[in-house]
Amino acid sequence: MEHGINLDPTQFHCSICLDLLSDPVTIPCGHTYCFRCISDRLDKEDRRGIYSCPQCSLSFRSRPVLVKNAMVAVIVSQLKNPRRPVAPPASAVEYASVNNDDDHCFAGAEDVACDVCKGRKLKAVKSCLQCLASYCVKHLQSHYDAPALKKHKLVEASANIYENICPRHQEVMKIFCRTDQRCICYLCSKEDHKGHAKVSAAAERAERQNELEESRLRLQQRIQDKQRDVKVIQQDEDAVNNSANSAVINTKKIFSEVIQMAEKRVADLSEKIRSLQKTEVGRFRKAREKVEQEIKELRVKDAEMEKLLQSEDHTRFLLNYPSMLHLSESKDPPTIRLRRRQHFDKVSEALVEARDKLQEVFGEEYAKIALTVSEADVSVSNPNAEPKTRGDYLQYAQQITLDPNTANPHLFMSKGNRKATFTREEREYSYHPERFAYSWQVLSKECLSGRCYWEVERSGMGVLVAVTYKDIVRSGDFNQTVFGYNNKSWALDCYKNSYEFRHDGERTPIPGTWSSRIGVYLDHEAGFLCFMSVSDNMAVLHKVHTRFTQPLYAGLWLSDGAAAEIFKFRTMGHNGTI
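(A) Here's a closer look at the overall build of the protein chain. A count of helical and extended segments in the protein chain gives 11 helices and 24 strands. Considering only residue pairs separated by 6 or more positions, the protein chain has 54% of its internal contacts joining residues 24 or more positions apart. Carbon and sulfur atoms provide 53% of the accessible area of the protein chain, an area that totals close to 37,200 Å².

(B) Structural detail: the nonpolar core. In this structure, Trp454, Trp490, Leu529 and Leu556 are the most contacted members of the largest nonpolar core, which totals 37 residues. In this structure tryptophan 454 touches Gln398, Ile400, Leu448, Val467, Ile518, Gly519, Val520, Leu522, Ala554 and Phe569, once residues within four positions along its chain are discounted. If you look at the next biggest cluster of nonpolar residues, it comprises 17 residues, including Cys14, Tyr33, Cys53 and Val76.

(C) How the structure looks around the pairing of strand β12 (residues 411–414). Side chains of β12 alternate between two faces, with Leu411 and Met413 buried and Phe412 and Ser414 left unburied. Of the strand pairs in this sheet, β12 and strand β13 (residues 419–422) are connected by four bridges, and their pairing is antiparallel. Paired with leucine 411 across the two strands is phenylalanine 422, which belongs to β13. The antiparallel hairpin formed by β12 and β13 contains four residues in its connecting segment, where lysine 415 sits at a positive phi of about 50 degrees.

(D) View of the sheet that holds strand β6 (residues 126–128). Strands sit in the order β7-β6-β8 across an open sheet of three strands; the sheet is antiparallel. Of all the strands in the sheet, the pair left with one neighbour each is β7 (133–135) and β8 (154–156). Each strand axis lies, on average, 35 degrees off the axis of its neighbour in the sheet, ignoring direction. Strand direction decides the pairing type here: β6 and β7, joined by three bridges, are antiparallel. Bridge pairing links serine 127 to serine 134 in β7.

(E) Helix α7 (residues 314–325), seen in detail. For α7, built from 12 residues, the straight-helix expectation of 16 Å at 1.5 Å per residue is met to within 8% by its first-to-last C-alpha distance of 17 Å. Two to three positions downstream of the cap, the backbone nitrogen of threonine 315 sits 3.2 Å from a side-chain oxygen, assigning the N-cap of α7 to aspartate 313.

(F) Region of interest: the packing of helix α6 (residues 201–309) against α7. Direction vectors running N to C along α6 and α7 enclose 155 degrees, while the axes themselves pass 10 Å from each other. Judged by the angle between their axes, α6 and α7 are roughly antiparallel. The handedness of the crossing between α6 and α7 comes out as left-handed. Of α7, the residues touching α6 (which contributes Lys301, Glu304, Met305, Leu308 and Leu309) are Arg316, Phe317, Asn320, Tyr321, Ser323 and Met324. Among the residues making up the contact of α6 with α7, the classes are represented as six nonpolar, two polar and three charged.

(G) Up close: the side chain of serine 52. Within the fold, serine 52 resides in strand β3 (residues 51–52). Contact partners of serine 52, with chain neighbours within four places excluded, come to Arg41, Glu45, Ser57, Leu58, Ser59 and Phe60.

(H) Quick look at the pattern of salt bridges. Counted according to the given criterion, the structure contains 24 salt bridges. In this structure, lysine 470 engages glutamate 434 in a salt bridge whose closest nitrogen and oxygen atoms are separated by 3.8 Å. Of this pair, lysine 470 sits in the loop between β16 (462–469) and α11 (478–481) while glutamate 434 sits in the loop between β13 and β14 (441–448), and the two are 36 residues apart along the sequence. According to the relative accessible area criterion, lysine 470 is partly exposed, its value standing at 37%. The partner of aspartate 523 in a salt bridge is arginine 451, and the shortest N-O contact between them spans 3.1 Å. Placement of aspartate 523 in strand β20 (residues 517–523) and of arginine 451 in strand β15 (residues 451–459) is noted, with a sequence separation of 72 residues between them. Residues aspartate 523 and arginine 451 agree in their burial class; the two are buried. One salt-bridge network, held together by shared partners, links Arg178, Glu204, Glu207, Arg208 and Glu211.

(I) Focus on helix α1 (residues 35–45). Cys37, Ile38, Ser39, Leu42 and Glu45 are the residues of α1 that are buried. Where the residues of α1 are buried, they touch β1 (24–26), β2 (32–34) and β3.

(J) Structural detail: a nonpolar patch on the surface. A cluster of nonpolar side chains, Leu318, Tyr321 and Leu325, forms an exposed patch at the surface whose accessible area comes to about 320 Å². Structurally, the position occupied by leucine 318 is in helix α7. Classification of leucine 318 by relative accessible area gives exposed; the value is 54%.

(K) Broad picture of the side chain of serine 489. Relative to the assigned elements, serine 489 resides in strand β17 (residues 489–495). Here asparagine 486 takes part through its side chain, which lies 2.9 Å from a polar atom of the side chain of serine 489. If near-sequence neighbours (up to four positions away) are discounted, serine 489 is found in contact with Val467, Thr468, Ile472, Val482, Phe483, Gly484, Arg502, His503 and Asp504.

(L) Region of the structure containing the sheet that holds strand β11 (residues 198–200). On the basis of which strands lie adjacent, the open sheet formed by three strands has the order β10-β9-β11 and antiparallel pairing. Looking along the sheet, the strands with just one partner apiece sit at the ends: β10 (182–184) and β11. Strand-to-strand, the axes of this sheet are offset by a mean angle of 35 degrees, without reference to chain direction. Pairing geometry for strand β9 (residues 175–177) and β10, over three bridges, is antiparallel. Among the inter-strand pairings, phenylalanine 176 is bridged to a residue of β10, identified as cysteine 183. Here α6 sits on the sheet in contact with β9 and β11, set at roughly 90 degrees to β11.

(M) Molecular detail of the packing of aromatic side chains. Tallied over the entire structure, the rule returns 14 aromatic pairs. Ring centres of tyrosine 396 and tyrosine 521 lie 6.0 Å apart, and the angle between their planes is 55 degrees; this geometry places the pair in the tilted category. Here tyrosine 396, found in the loop between α10 (390–394) and β12, pairs with tyrosine 521, found in strand β20; they are 125 residues apart in sequence, far enough to count as distant. Grouping residues by exposure puts tyrosine 396 and tyrosine 521 together as buried. Above the face of the phenylalanine 106 ring, arginine 120 is positioned so that its terminal group lies 4.0 Å from the ring centre. The positively charged end of arginine 474 is found above the aromatic ring belonging to phenylalanine 436, 5.0 Å away from the centroid.

Definitions and limits used
Residues numbered from 1 in each chain as written. Predicted model: local features only at pLDDT ≥ 70, side-chain atom pairs only at ≥ 80, totals over all residues. Heavy atoms only, no water. Helix = DSSP H or I, 4+ residues; strand = E, 2+ residues; numbered from the N terminus. Contact = heavy atoms within 4.5 Å. Areas by Shrake-Rupley, 256 points an atom, 1.4 Å probe, with all protein chains shown as cover. Core = buried A, V, L, I, M, F, W, Y, C linked by side-chain atoms within 4.5 Å. Buried < 20%, exposed > 50% of the residue type's maximum accessible area, 1.4 Å probe, protein only. Pairing = 2+ DSSP bridges. Axes fitted to C-alpha atoms, helices over the stretch in contact; angles between N-to-C directions. Expected span 1.5 Å × (residues − 1). Polar contact = N/O pair within 3.5 Å; in protein donor to acceptor, adjacent residues only side chain to side chain. Parallel < 35°, antiparallel > 145°, perpendicular 65-115°, else oblique. Left-handed = near helix turned anticlockwise from the far one by under 90°. Nonpolar A, V, L, I, M, F, W, Y, C, P; charged D, E, K, R; others polar. Salt bridge = Lys/Arg side-chain N within 4 Å of Asp/Glu carboxyl O. Patch = residues over 30% accessible without salt bridge, like charges linked within 9 Å, V, L, I, M, F, W, Y side chains within 5 Å. Phe/Tyr/Trp six-rings, centres within 6.5 Å; stacked < 30°, edge-to-face > 60°. Lys NZ or Arg CZ within 6 Å of the ring centre and 35° of its normal.

Note that every value here comes from positions in space, so none of it alone points to a role or purpose.
Given below as structure tokens:
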């Protein structure tokens with residue numbers, strides 16, 4: 001190369017594609033890559049919102065700005081075509097073009113054209129605020145070489161450069177008036193804006209840029225939040241599709257099983273009818289053959305009688321007629337021979353009765369099934385919106401079951417471990433490290449995450465409906481173990497018709513008379529917990545806004561004479577199952 005400098009081409013290879021740099025750009029840490037290579041990598045990192053340099057692993061809070069490295073571009077061009085002499089650029093950042101002879105350096109319809117070029121104009125790389133003109137690489141060089149031009153303010157090539165000029169004084173607007181919130185020139189600051197709060201445009205820009213960067217960070221965070229919302233909605237959409245497909249498959253499968261069962265019963269019954277038919281027909285066939293044989297014998301005797309009656313031999317007639325007078329008795333009584341069979345008529349009557357019962361059952365059950373379909377709320381709503389009606393809450397319904405291994409010995413579990421009842425006599429439960437030794441309470445089996453909703457029907461005396469971290473103390477001091485008396489649990493105390501919210505020993509009375517059913521809504525990620533009196537209007541008893549640091553579990557505490565049952569939903573929300 002020129003000036004006797006020998007360059008190693010491997011130093012100008014992209015560390016991503018391992019090939020000679022193409023359209024080299026530099027990121028803030030100083031490393032240079034192919035424009036396409038680093039852009040593709042940053043596009044992939046957009047999904048995570050975390051950006052880093054592939055070489056030094058330096059992380060950036062926002063997507064790095066890619067700056068074309070003109071100096072490296074010139075060197076790479078020379079390495080690609082060593083016979084072509086290229087004049088050294090004045091500045092690697094300011095020199096924005098590699099080869100003025102290439103077609104891609106000529107100004108297109110969307111580019112800013114050089115104001116000096118004759119004929120076909122090249123792309124402008126800078127605009128001068130003093131000259132009010134734009135220059136390509138070749139014609140920009142004078143602004144680096146001529147002492148008088150070095151002080152001119154160069155900016156990115158812009159077709160709207162006159163926006164920087166005061167329309168009144170034709171001066172560059174380098175001052176910002178904070179009083180009037182506008183850019184002004186030096187003469188304006190001395191005339192119309194005298195006494196106003198003024199700073200340089202550069203200083204104002206630096207301050208506003210910080211604000212814009214903070215606003216951009218909030219915007220990017222909002223984009224990420226919306227992307228998470230889209231993901232949640234997509235998951236809900238997929239869940240609806242999967243649930244609907246599963247329901248259709250199960251519908252076909254179950255009704256196919258019913259049809260197969262009916263067909264099997266039809267085949268079995270038909271076989272029995274045919275078997276009985278064969279037996280009965282055989283009996284009647286034998287009886288018919290016997291009667292036909294008897295008829296044949298009687299006809300023979302009738303012929304003999306007729307012959308005897310026509311005989312002219314009186315002696316022969318008198319000798320034989322006594323034997324003709326005697327008729328043998330029938331072998332089977334007429335009542336037995338002609339008895340009608342009613343078996344199959346009764347079968348038909350039984351079948352008609354069974355059909356009517358099946359139609360009644362299928363009608364009722366189908367109505368129930370159809371009702372569960374119509375009650376399923378699959379509408380897409382704002383994922384951040386708080387539910388209002390019971391139907392809204394039921395979207396997040398989750399079936400809760402109680403864990404017998406955590407139940408205090410004074411609590412009796414029933415109804416599939418959904419109901420707890422206080423008993424004065426201790427149950428003979430086996431030892432378990434998670435069992436509450438002294439406090440009359442029990443935890444759920446299910447770990448609560450995301451959004452979930454459940455209901456508790458209480459009766460008797462006092463009941464605590466709670467959520468708690470799993471590491472709550474199981475035996476020890478009262479304040480450490482009982483729901484609501486420590487910082488690991490949140491509880492609604494329901495005693496007859498009075499209510500009180502408890503957390504970390506603090507009590508919040510809740511006036512009013514409420515229903516016996518309590519609804520609990522939890523949004524773990526948002527740190528939101530709400531206790532409600534279940535009714536058509538879903539009266540809110542108490543809301544909690546906090547930051548949950550661990551997974552939560554549902555809990556119940558019962559006083560002497562109390563019982564509490566976790567409601568079993570007929571259909572579940574997207575957090576549960578049928």
